[in-house]
Amino acid sequence: MLNIIKTSSEDHFNETGAGIIASLLQSNPRAILGLATGSTPVGVYGKLIELYRKGSVSFKQATTYNLDEYIGLPADHPESYRRFMDEKLFNHIDILPENTHVPSGVEADPQKAAEDYSRLLDEAGQIDLQLLGLGHNGHIGFNEPGEELQGPPHIVKLDERTRLANARFFNSIEEVPTHAITMGIGSILHAKQILLMAKGEDKAEVIARALKGPITTKCPATFLQTHSNVVVVVDQAAGKWL
Ligand code: F6R
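Since we're looking at a predicted model, the values are computed, not measured.

Basis of the calculations
Residues numbered from 1 in each chain as written. Predicted model: local features only at pLDDT ≥ 70, side-chain atom pairs only at ≥ 80, totals over all residues. Heavy atoms only, no water. Helix = DSSP H or I, 4+ residues; strand = E, 2+ residues; numbered from the N terminus. Buried < 20%, exposed > 50% of the residue type's maximum accessible area, 1.4 Å probe, protein only. Contact = heavy atoms within 4.5 Å. Areas by Shrake-Rupley, 256 points an atom, 1.4 Å probe, with all protein chains shown as cover. Lys, Arg positive; Asp, Glu negative; His and termini not counted. Charge placed at Lys NZ, Arg CZ, Asp CG, Glu CD. Salt bridge = Lys/Arg side-chain N within 4 Å of Asp/Glu carboxyl O. Phe/Tyr/Trp six-rings, centres within 6.5 Å; stacked < 30°, edge-to-face > 60°. Lys NZ or Arg CZ within 6 Å of the ring centre and 35° of its normal. UniProt positions renumbered as here; feature names shortened; annotations may be inferred.

(A) Layout of the overall build of the chain. Secondary structure assignment for the chain yields seven helices and ten strands. Seen along its three principal axes, the alpha-carbon backbone of the chain occupies a region of about 40 × 40 × 35 Å. By residue count, 52% of the 242 residues in the chain fall in the buried class. Look at the contacts in the chain between residues 6 or more apart in sequence, and 78% of them connect residues 24 or more apart. Total accessible area computed for the chain in this model is approximately 10500 Å², and 51% of it derives from carbon and sulfur atoms. The average position of the 22 basic charges and that of the 30 acidic charges among the side chains of the chain differ by 5 Å.

Below, the structure written as structure tokens:
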């Protein structure tokens, strides 16, 4: 089932995303959440923090698994996804640090780090809700367009377009890591529910392609069409062709 929610303002967009996550935690406080970084969820995390401060939601029994991490960035690097999650969400809520998981970007053997993350996910069971942003090239997590996709967590060479899009967070494009560890398409599709969020005119074309175009490895997000429970939250600009 594909449920598309078109929101009317930035606030409404963030509240809608946060509301879906908060309702899940209210009905299942032990929920397992799959989380994303990037600019799209920042406001959603802000709203979740507000809901937590109001006493409407608790993360005390929740567990989280992030989609991805850059290879080569230590956890305390300003642009590491671990640091992003700590600063944008985890440090402001009552989640137990040991219940938050982000792949390690600094293992001497990145392949082993990907395998360790895969094992961790297998042991966790099924993610209840996987939050996703959407790359301009159709990537989800860091599953980049190509001839084939991988199911489990793996190492990926980042697309130049992705590095360019993320260069805004670094001093220069040279500083953007070339590789990352990401959950695979299989890990993502294994979640019980997927919450895909996209905002802005620049996402209109890719989200229409993801949800209505032919399923192809050239646009990894098209595989979301094979999932039975996807909620899509867009703003008016991103949703104009939906
Ligand atoms: C982030 C991630 C990426 C982003 C995507 C969109 O953990 O896996 O797939 O969701 O690149 O990024 P923003 O939200 O910055 O447009």
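From this point on, the discussion continues.
(B) Highlighting the pattern of salt bridges. One pass over the full model with this rule turns up 13 salt bridges. Asp 116 is the partner of Arg 119 in a salt bridge, and the nearest nitrogen-oxygen pair spans 3.2 Å. In this pair, Arg 119 and Asp 116 are both assigned in helix 4 (residues 110–124), three residues apart and thus about one turn of the helix distant. Here Asp 128 and Lys 192 are joined by a salt bridge, their closest N and O atoms 3.0 Å apart. Residue Asp 128 is located in the loop between helix 4 and strand 6 (129–132), and its partner Lys 192 is located in the loop between helix 6 (185–189) and strand 9 (193–198); the two are separated by 64 residues in the primary sequence. The network of salt bridges with shared partners includes Asp 11, Glu 15, Lys 47 and Glu 50.

(C) Fine view of the packing of aromatic side chains. One pass over the structure, following the stated rule, counts five aromatic pairs. Taking the centre distance of 4.7 Å and the plane angle of 45° together, the rings of Tyr 70 and Tyr 81 count as tilted. With Tyr 70 in strand 4 (residues 68–70) and Tyr 81 in helix 3 (residues 81–88), this residue pair connects regions lying eleven residues apart in the sequence. For the pair Tyr 70 and Tyr 81, one class covers both residues: buried. Site record: aromatic cluster; members linked through ring pairs are Tyr 70, Tyr 81, Phe 142 and Phe 170. Just above the ring of Phe 84 sits the side chain of Lys 88; from NZ or CZ to the centre is 5.6 Å. Here the basic side chain of Lys 240 rests over the ring of Trp 241, its NZ or CZ set 4.6 Å away from the ring centre.

(D) Region of interest: the UniProt feature "domain: Glucosamine/galactosamine-6-phosphate isomerase" (unreviewed entry) in the chain. As annotated in UniProt, the feature "domain: Glucosamine/galactosamine-6-phosphate isomerase" (unreviewed entry) corresponds to residues 19–229 in the numbering used here. Annotation note: span residues 19–229, helix share 31%, strand share 15%, distance between end C-alpha atoms 17 Å.

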